[in-house]
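# Observations on chain architecture
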Amino acid sequence: VERHGKRLRHARAGDSVTLALNGDREDLENVRVGHVLCCPRNPIPMVSTFLAQILTFDIAVPLTIGFQGVMYWQSVNEPVVLSRLLCLVDKQSGEISRKRPRAIGSSSTAIVQVQCQRAVCLERFADF
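A surface patch of nonpolar side chains, amounting to about 510 Å² of accessible area, comprises Val1, Val17, Leu19, Leu21, Leu28, Val31 and Leu37. Looking at where Leu28 falls in the secondary structure, it is placed in helix 1 (residues 25-29).

All right, on to unusual backbone geometry then. Backbone geometry at His4 places phi at a positive 55°, although glycine is not the residue there. The residue His4 is located in the loop between strand 1 (2-3) and strand 2 (6-7) in this model. With a phi angle near 45°, Arg100 is a residue other than glycine that sits in the positive phi range. Within the element layout of this structure, Arg100 appears in the loop between strand 6 (96-99) and strand 7 (109-121).

Note that Phe50 resides in strand 3 (residues 46-55). A C-alpha to C-alpha distance of 5.6 Å links Phe50 and Gln113, two positions 63 residues apart in sequence. Beyond its immediate chain neighbours, meaning those up to four positions away, Phe50 contacts Met71, Val112, Gln113, Val114, Cys116 and Leu122.

Glancing now at the nonpolar core. One finds Phe50, Met71, Leu82, Ile104, Val112, Val114 and Cys116 to be the most contacted residues of the largest nonpolar core, which totals 14 residues. Counting only elements with at least two residues in this core, the list comes to strand 3, strand 5 (76-89) and strand 7. Broken down by element, the residue count for this core peaks at five residues, all from strand 7. If sequence neighbours within four positions are ignored, Val114 has contacts with Ser48, Thr49, Phe50, Ala52, Val80, Val81, Leu82 and Ser83.

Turning next to the confidence of the model for the protein chain. Here the protein chain averages 89 in pLDDT, and 100% of its residues register 70 or above. When mean pLDDT is taken per element in the protein chain, strand 6 scores highest with 96 and helix 1 scores lowest with 75.

Moving on to the pairing of strand 5. Note that strand 4 (residues 68-73) and strand 5 share six bridges and pair antiparallel. Residue pairing across strands places Trp73 opposite Val76, the latter belonging to strand 5. Taken together, strand 4 and the strand that follows it, strand 5, pair antiparallel across an intervening segment of two residues, in which Gln74 is found at a positive phi of about 55°. Here strand 5 pairs with strand 6 via three bridges, running antiparallel. Opposite Cys87, over in strand 6, you have Lys99 as the bridge partner. Here strand 5 hands over to strand 6 after six residues, with Gly94 in that stretch at a positive phi of 80°.

Definitions and limits used
- Residues numbered from 1 in each chain as written.
- Predicted model: local features only at pLDDT ≥ 70, side-chain atom pairs only at ≥ 80, totals over all residues.
- Heavy atoms only, no water.
- Patch = residues over 30% accessible without salt bridge, like charges linked within 9 Å, V, L, I, M, F, W, Y side chains within 5 Å.
- Areas by Shrake-Rupley, 256 points an atom, 1.4 Å probe, with all protein chains shown as cover.
- Salt bridge = Lys/Arg side-chain N within 4 Å of Asp/Glu carboxyl O.
- Helix = DSSP H or I, 4+ residues; strand = E, 2+ residues; numbered from the N terminus.
- Contact = heavy atoms within 4.5 Å.
- Core = buried A, V, L, I, M, F, W, Y, C linked by side-chain atoms within 4.5 Å.
- Buried < 20%, exposed > 50% of the residue type's maximum accessible area, 1.4 Å probe, protein only.
- pLDDT = per-residue confidence, 0-100.
- Pairing = 2+ DSSP bridges.

Structure (structure tokens):
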């Protein structure tokens with residue numbers, strides 16, 4: 001593992017590193033940009049549905065159930081659909097201001113359920 005040309009014994013989350021991998025050529029050919037390497041004893045969960053807290057800015061059309069978008073995460077662009085609108089959150093207090101809204105308008109914070117087309121590696125926010 002190297003960072004900025006210096007060898008390291010380990011790297012931390014968020015570090016941009018260069019890895020030298022050894023192993024079966026067939027296994028190494030399956031490693032691609034966007035893949036996640038983790039400890040086999042503590043793997044990162046693969047999920048296709050998750051809850052997310054989102055913040056909208058100046059949007060022309062309110063977000064509703066079935067809204068299709070793209071999730072940009074690391075180097076991955078994943079098509080997603082909003083499958084549930086759970087609640088609106090007050091930006092000042094962080095408390096729930098409205099449960100089960102019909103739509104999410106401009107300058108809003110909300111907790112939504114997101115559905116991906118395929119499973120992605122996603123760590124739980126509560127674990128950090």
